[in-house]
Amino acid sequence: MRRRLVLGVVAAISAAIWAAMIAAPHRAGQSSILDPLETALTNFRLSAFGAIEPDNRVVIVAIDDTTLTTANPLAQGRRNLADIIDAIRTAGASVAAVDILLTDKGNAAGDTALAEALGKLPTVIAAAGTFSPASRGRGVPLTQDVLWPQPLFSDAADVGIVNISTDHSGSPQHVPMVFMTPKGLQPSFAAQTAALFTGESLEFASDALTLGHRVIPLDKGLQMPLRLVGPTATVTTISAMDLLREAGQINLTGKAVILGVTATALWDRFPTPFDPDLPGVEVMATAVSQLVGGEVLRRDDMIRHIDVVSAVLLAVICFVTALLLPLSIGVPLAAGVLALWLAVVWLAFGFGVWLSAALPLASAGVPLAVAAMLRYAHEKRRAAQSDRAVMALKKFQSPALADRIAENPEFLLVPETRELVVSFVDLTGFTQISQDLGPEESEAFLKKFHTFLEQIAEEREGVVLNFMGDGALLVFGLFDPSEDSAANALQAAIDIAHQTRALGRAEGFTHPLGCRTGLHRGAVVLSRMGSDRQQQLTITGDSVNLCSRLLEIAKVESATIAATSDFVSCLKDPLPIPTSHSAIHSVRGRFGEVTLYFWQF
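Residues numbered from 1 in each chain as written. Predicted model: local features only at pLDDT ≥ 70, side-chain atom pairs only at ≥ 80, totals over all residues. Heavy atoms only, no water.

Looking now at the overall build of the protein. When helices and strands are tallied, the protein shows 18 helices and 25 strands. Computed over its C-alpha atoms, the radius of gyration of the protein comes to 46 Å, more than 25% above the 25 Å expected for a compact globule of 601 residues. Projected onto its principal axes, the C-alpha coordinates of the protein cover approximately 140 × 50 × 45 Å. Of all 601 residues assigned to the protein, the portion counted as buried reaches 48%. Taking the contacts inside the protein whose residues are at least 6 apart along the sequence as the reference set, 74% of them involve residues at least 24 apart. (Helix = DSSP H or I, 4+ residues; strand = E, 2+ residues; numbered from the N terminus. Rg over C-alpha atoms; globule rule 2.2 N^0.38 Å. Buried < 20%, exposed > 50% of the residue type's maximum accessible area, 1.4 Å probe, protein only. Contact = heavy atoms within 4.5 Å.)

Here we come to the pattern of salt bridges. Two side chains carrying opposite charge are able to pair once their charged atoms lie near each other. In this structure the tally under the stated criterion is 19 salt bridges. For Arg 304, the salt bridge identified is with Asp 219, shortest N-O distance 2.7 Å. Taken together, the residues span a long stretch of sequence, with Arg 304 in helix H10 (residues 301-324) and Asp 219 in the loop between strand E12 (214-217) and strand E13 (223-225) at a distance of 85 residues. Across this residue pair, the class does not change: Arg 304 and Asp 219 are buried. With a closest N to O distance of 2.8 Å, Arg 418 and Glu 416 form a salt bridge. Residues joined by salt bridges that share partners form a network here, namely Arg 27, Lys 220 and Asp 301. (Salt bridge = Lys/Arg side-chain N within 4 Å of Asp/Glu carboxyl O.)

With that settled, the discussion passes to a negative patch on the surface. A contiguous patch of negative charge on the surface is contributed by Glu 461, Asp 480, Glu 483 and Asp 484. Positionally, Asp 484 belongs in the loop between strand E20 (471-476) and helix H16 (485-507). (Patch = residues over 30% accessible without salt bridge, like charges linked within 9 Å, V, L, I, M, F, W, Y side chains within 5 Å. Areas by Shrake-Rupley, 256 points an atom, 1.4 Å probe, with all protein chains shown as cover. Lys, Arg positive; Asp, Glu negative; His and termini not counted. Charge placed at Lys NZ, Arg CZ, Asp CG, Glu CD.)

Before going further, it helps to spend a moment on the nonpolar core. If you look at the biggest cluster of nonpolar residues, it comprises 47 residues, and the most contacted ones within it are Met 177, Phe 189, Ile 258 and Leu 291. Discounting chain neighbours no more than four positions away, the residues touching Ile 258 are Val 58, Val 59, Ile 60, Val 61, Ala 97, Phe 189, Thr 193, Val 281, Met 284, Ala 285 and Val 288. Counting 39 residues, the second-largest nonpolar core is a separate cluster that includes Ala 87, Ile 88, Leu 102 and Ala 115. (Core = buried A, V, L, I, M, F, W, Y, C linked by side-chain atoms within 4.5 Å.)

What follows is about the sheet that holds E13. Think of a sheet as strands paired side by side through backbone hydrogen bonds, with each pair either parallel or antiparallel. Pairing in this open sheet of three strands is antiparallel, and the strands run E6-E7-E13 from one edge to the other. Each edge of the open sheet carries a strand with a single partner, namely strand E6 (165-166) and E13. For strand E7 (residues 172-176) and E13, the ladder comprises three bridges, and the chain directions are antiparallel. Within the sheet, the bridge partner assigned to His 174 lies in E13 and is Pro 225. (Pairing = 2+ DSSP bridges.)

So, about the side chain of Asp 55. Tracing the backbone through its elements, the reader meets Asp 55 in the loop between helix H2 (35-49) and strand E1 (58-63). In this view, Asp 55 contacts Ser 289, Val 292, Gly 293 and Gly 294; residues no more than four positions away in its chain are not counted.

What follows deals with the pairing of strand E23 (residues 561-564). Going residue by residue along E23, you find Ile 561 and Ala 563 tucked away on one face and Ala 562 and Thr 564 tucked away on the opposite face as well. Bridge count for E23 against strand E25 (residues 593-599) is four bridges, and the pairing is antiparallel. Across the sheet, residue Ala 562 finds its bridge partner in E25, namely Phe 598.

Where strand E24 (residues 581-586) lies against E25, six bridges are found, and the strand directions are antiparallel. Each bridged residue has a counterpart across the sheet, and for His 581 the counterpart in E25 is Phe 598.

We now examine the sheet that holds strand E11 (residues 208-211). Reading across from one edge, E10-E11-E12 is the order of the three strands in this open sheet, with antiparallel pairing throughout. Taken across any chain shown, the strands that pair with only one partner, and hence form the sheet edges, are strand E10 (202-204) and E12. Taking each pair of neighbouring strands and ignoring which way they run, the sheet shows an average axis angle of 25°. Pairing geometry for E11 and E12, over four bridges, is antiparallel. Note that in E12 the partner of Ala 208 across the bridge is Pro 217. Across the sheet, helix H9 (residues 280-292) lies against E11 and E12, angled at about 130° from E12, the strand it touches most. (Axes fitted to C-alpha atoms, helices over the stretch in contact; angles between N-to-C directions.)

Structural data, given as structure tokens:
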């Protein structure tokens, strides 16, 4: 017990250390070797739960293939871009967010027209930063440099940085809400747009953004986990060309319009679980929708703390359970605990809570696999030891009894009364022979006698309970009582008689060697005799005493086999082997007389 306790404590500490080590990067919001697995499991959850409805107040005006073909605002100067923004304003939009970098100078007239258009409507324009790899996972994203819009445009509109955080596959995962730039803290494009649209100020806490009455949970570095809504055009999308052609017919009243490029020939596209080629403007629109009223995905300090605590607890529970309990119980139980937590992780995602799925799999799965292998090796050794013990036990008990005890260690802990066929066998003429042989050769001979006696008993479905010098106690029908038990016992007695005489002739004894057998069927008590530390299976009762006395009567009657009428009545009529004679005898130590039948061979 003490050894198991120590083993359990060591296992718990080892599992906790392992889980804490692999959970440390996750707790700090840093990249780790688990990221690819977490990405795959997150994408699977997104796909399984399917597309969701974005906030209908967010609309995309797309510079699509038709717009580029008909009136390219990117290649033909900024006059056309100004026209699109004017059309957005005319359609009644509350805010326009231009997801296009305006970093270079263009035609003076076009730039002036665009600046004027930006100034007539609450507008956010894009800036983009470059980052040091060392800044990842270390708080607010720190830019090395920023591609700022031309001053003419930044003077007419608010500026927000459009960079997003992607996973290892390039799929959008987080949208930073604020960046540290050479000019100081700068809000993101999505945050600036949402603030301008709602008319509320941005208020940051360590793990949340407050926008009016709305609280949006934030991850490490004030980054918002992105709940992707679906494939391209899940957010309401209007072609910029249609907006220009149908001026006055399209109503954008009260809308936050995100103007960006969706044309297939241009870059700024991302793979997602819903779409392998999602335009960047769709990602920005999704982020704005999430900020102003769409579904959020919560992963903040509290969620990461739950991830770490659950990882440690699962590792300890799974490792200790699988290591200390039997393999057939411990491993399924530990796997069930892990599966139950993964089900919680799955259901939580449906309610917008992003618990890690990779972390519990790694923290508990690896210790569980290790514990299963260790437990398997341990039980294999124990099985080998048990097999050796059973083999050793079979040398002291009947092999059939040894197998039964190995299968059921509680066999006959409570004595049982049964109707059995009892047989006593004893050699005749062996006293003189043993004097001639001496102790060592006598023992060798008895071993041969006991060997064929055991073989004959097993062939006839009997069990040798005890070897007693030059005799033995046998029972028939111990495990599988049948109508043939008496016939089997009689045939075994005959076979033993023939085999004994043959053995005597083979050994070249000068004195004749034979045997006598007593047979009776009656009630016996089958039990374990002895102390708690040393026990022996045996039978007791009047039937045993009676059967043992039959050997004396067989000697008087010069018979090889003596059997009671209770035994003979169990044989089929006519008898398979006729008796030589019968007689009524009194039995030493018993009241009354019994009818006995004899066979002579």
